[in-house]
Structures are given as structure tokens and as C-alpha cells.
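Examination of the molecular architecture
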Amino acid sequence: MVRCLRERRSDRLIIVLPQNRLEGMRASAFVRRALVSVALLLVACAVSALAGHHNVRRTAADRFTALWNVSFIAPETPVSAYSGRLFITDGIAVYTLDQVTGAELSQSESLFTTAPAVQDGAVVTATMGGYVGATDAFTGASLWSTPLQGFNFRARPQFGTVSGRSAIFLVSMQGTFFALNASTGARLWSCDATMASPPGTRYENANFALSPDFAYVTNGNTVFLVATATGSVQGRFSVACCGAAAVATVPTVRGSRVFVGSTYGTFFALDARTMQQLWNETTNNVTVHTQSAVSACGQVVAFGDVGGYVWAFNTSTGATLWGQQVGKSAITTSLAASRDRLFVPSTDGNLYAVRLSDGQIMGQFNALSSISKVPTVIDSVVYVAADSGTLFAVRHQ
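Residues numbered from 1 in each chain as written. Predicted model: local features only at pLDDT ≥ 70, side-chain atom pairs only at ≥ 80, totals over all residues. Heavy atoms only, no water.

Attention now moves to the nonpolar core. One finds Phe169, Val171, Phe177, Trp189, Val217 and Val226 to be the most contacted residues of the largest nonpolar core, which totals 16 residues. Taken together, the elements giving at least two residues each to this core come down to strand S13 (165–171), strand S14 (176–181), strand S15 (187–192), strand S17 (214–219) and strand S18 (222–227). The dominant element in this core, judged by the number of residues it contributes, is S13, at three residues. Setting aside its immediate chain neighbours within four residues, Val226 contacts Phe177, Trp189, Cys191, Asp213, Phe214, Ala215, Val217, Gly231, Ser232 and Val233. (Core = buried A, V, L, I, M, F, W, Y, C linked by side-chain atoms within 4.5 Å. Buried < 20%, exposed > 50% of the residue type's maximum accessible area, 1.4 Å probe, protein only. Helix = DSSP H or I, 4+ residues; strand = E, 2+ residues; numbered from the N terminus. Contact = heavy atoms within 4.5 Å.)

Here's what the structure looks like:
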């Protein structure tokens, strides 16, 4: 087995002998990455040739401009940005990219990691093997590493505060919710949010959202309200339907409300301090997998379902504002809101721009393969990863 490293400036492949088993694992990953890059380049060239231009796909109808793209093995999103740099992982390494050009600035080896969180110059990831670590955003040097053995992590960590101190929050697939000191990695507290679940239960979709005082942790069919200062459970909301995985989305917190969807097509609005249900709406009776997006004014909340529809509701009353079929396939990941529009990724291979006020489709960008990854909007640029492994940076006019 050999390890292949791609040299960007010369487009050469440098082949060296592996030093250990880990190097061997990285070898096959880099080979796959190189092959994916070549295949995508050929497809992109063919598409560009047919369109009569290169690198940029833009028409009067779609109003999207492609800025750059980079290929990975299996990128995890959302991406994070800090000081002109983007941070993304593909399960093999954490990569630092130039935010403007997409050029790779550095990479640090990290197997099976979550999407990174970045704040105050620290890049934090967690692994399936039970480790949480922070590296310097500029040098890649390790700042700290904390073992949480016996736990597996898939959900992205998030920065917050515990009693005024900067903290890292993360939830394991076993349902335990942690708060760590962001400077040292020391454990501040942990909370078992599985309650009466059988020992050994794993929650593939365990995730959470933060507000200044609370965390909203989803495990199976329940959303738990956890005080960030102490780690104590203050309340919960359970979806009494469809078995142990009825809550299918990451919660969205906006002001005094929490929004969450379910596997049987009902969308709930909850009081953010009591977890009491304020309203619910059922649409096409199909699974709502997407995290909802709230408009800048806070008056509209929208989500997508696996039937390919996007729905918008008044955040206060739950009144339906509009429903719109977007694309020709399922919507299985979160929407992103920016100003007056939604960005909707679809498994039909397109990223759609949808006007929040009335649901009108304002444009689409073809990513050449299905999209089931979370898009990120940073400084009016949308970063979206196709299932083929390509990360695109695009701007909607």
C-alpha cells in the first residue's frame, strides 16, 4: 500500500512508502480523493464545454455564480470560518482552506471526526473513538485533547458559556451531553439525557441547539431542556409516535421559541423555557428531516420534507404561509436562511434559492450529484457539499 499526496501547484502525485498502519489508512483515502477529483474534473469540463464557458455556471434564470470548488472523500458539514479561513473535515483530516479561493492552506490528521467548531483561534472536533481535541487555527498545533472513552460522537461540537466561561458543548451517540472548558478541555459537567432508555441504546441522530441559558438536546423521541450553567434537566418534550426515533431534526431556537420536526410529518413550536407546545402543523404526513430556518425578522419559520416540499409558517401563530414543491426529489438535510431567501439542498442534485415571503424559486445551482449535507451561509457565500465529495462555494445574486 502506498500513500499519494497531491501537490496543488504542479498537479503532480508524489508517492511515498507508508510508515505505519495509520499512514496506510490515509493512503487509500488520498488515492480515492485523487480519483474522485479527476472524475469530477472530467464531468465539470464536459458540462462547461456544453455550456460554452468555463468554471462559472450562471444564467439569467438561475442567478447563481460558482466561485470555486474542492473535492474531498466525504466532507462533513457545516463548515466553519475564522479570520479568512474555512475549516472542514472529511473523516480523514481537518482541512484549512482559503475562504476566498478555496486553496488548501494546511491539513491535520484526524480520523472519523465531527464537523469542526471554531472560535477564538481554536478548532474543536470530536471523534467516533471518544476523543475531543482543540488545535490552533493558524498553526495546527494541538492545544488540548480530552478522552471521553466509551462515548462516540457524530454531532458537531458548539461553543457557548458556562457561568461566564467559554465552554464546548457536545452530545454523544449514547445520549450523554457534555460541557468542557474551552481553554483546557477539562470536563465541567455531563448530563445523561437518555433517562429511562435501555442501557446500550445508541442515538444515531443525537444533536442539540444552544441558547444563552439552555441547551435543547434531541435523543430518539424526546427533546430535553438542559440548563447550561449546571447540566441539570429542566424539562422535556416527547413525541408520542413512531417508536424511538420520532424526533428527526436538530432543534432551531429563535427568541422564546424552539422548532422541531418529526418522522410522521408534524412540525412543533415549543416554549423555549418550559418546553410546552405552542402549536403544531402536519403537512404531507411525510418525514421532516431538516432543521428549520427562521427569517431575519423572526416572523417566518420554514422547513423541508422528504416529499420534496418546503413549508413556511408564522412563528407566533403557526398559520401556514405557503407550501412549495422544490426540485424533483427528497429534501433530507437542513435549510439555510440569509436575508429574504432560503437555500434548499435537494437529493435531485440542485441547490435552490427560494424567496421566504412567498416560496417562489429564485434560482438553482447544479452540484452534479445529490445533496444531503447541511449548507452554510457566510458573508453572503453559500458553501454546500455534494454527495460526490465536492465542496462548492457559490453566491446568489
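Picture the strands of a sheet paired through backbone hydrogen bonds; they go either parallel or antiparallel. On the basis of which strands lie adjacent, the open sheet formed by four strands has the order S3-S34-S33-S32 and antiparallel pairing. What marks the edges here is a single partner per strand, and that holds for strand S3 (64–71) and strand S32 (376–378). Strand after strand, the sheet turns through a mean of 25 degrees between neighbouring axes, direction not considered. Relative to strand S34 (residues 390–396), strand S33 (residues 381–385) runs antiparallel, the two sharing five bridges. Its bridge partner lying in S34, Ala385 is registered against Leu391. (Pairing = 2+ DSSP bridges. Axes fitted to C-alpha atoms, helices over the stretch in contact; angles between N-to-C directions.)

Where side chains of opposite charge bring their charged atoms close, a pairing between them can arise. A complete count under the given rule lists four salt bridges for this structure. The partner of Lys373 in a salt bridge is Glu76, with the nearest N and O atoms 4.0 Å apart. With Lys373 in the loop between strand S31 (361–366) and S32 and Glu76 in strand S4 (residues 76–82), this pair connects stretches of sequence that are 297 residues apart. By relative accessible area, which is 31% here, Glu76 ends up partly exposed. (Salt bridge = Lys/Arg side-chain N within 4 Å of Asp/Glu carboxyl O.)

Now for the pairing of S31. Where strand S30 (residues 350–355) meets S31, five bridges bridge the pair, whose relative direction is antiparallel. Counted as the bridge partner of Tyr352 is Gln364 from S31. As consecutive antiparallel partners, S30 and S31 are separated by five residues, and within that stretch Gly359 has a phi angle of approximately 85 degrees, a positive value.

What follows covers the side chain of Thr77. If you trace the backbone, Thr77 turns up in strand S4. The exposure class assigned to Thr77 is buried, which follows from its relative accessible area of 12%. A distance of 2.9 Å separates the side chain of Thr77 from the backbone nitrogen of Val374, its partner in a polar contact. The contacts of Thr77, once residues within four sequence positions are left out, are Ala115, Lys373, Val374 and Ala385. (Polar contact = N/O pair within 3.5 Å; in protein donor to acceptor, adjacent residues only side chain to side chain.)

Take the side chain of Thr376 next. Inspection of the secondary structure assignment puts Thr376 in strand S32. Thr376 gets classed as buried once you look at its relative accessible area, which sits at 11%. A distance of 3.3 Å separates a polar atom in the side chain of Thr376 from the backbone nitrogen of Val79.

A word on the environment of Thr230. When you line up the elements, Thr230 lands in the loop between S18 and strand S19 (233–238). Once the C-alpha coordinates of Thr230 and Cys191 are considered, the two residues, 39 residues apart in sequence, prove to be 9.1 Å apart. Within the structure, Thr230 has its side chain in polar contact with the side chain of Ser232 (distance 2.8 Å).

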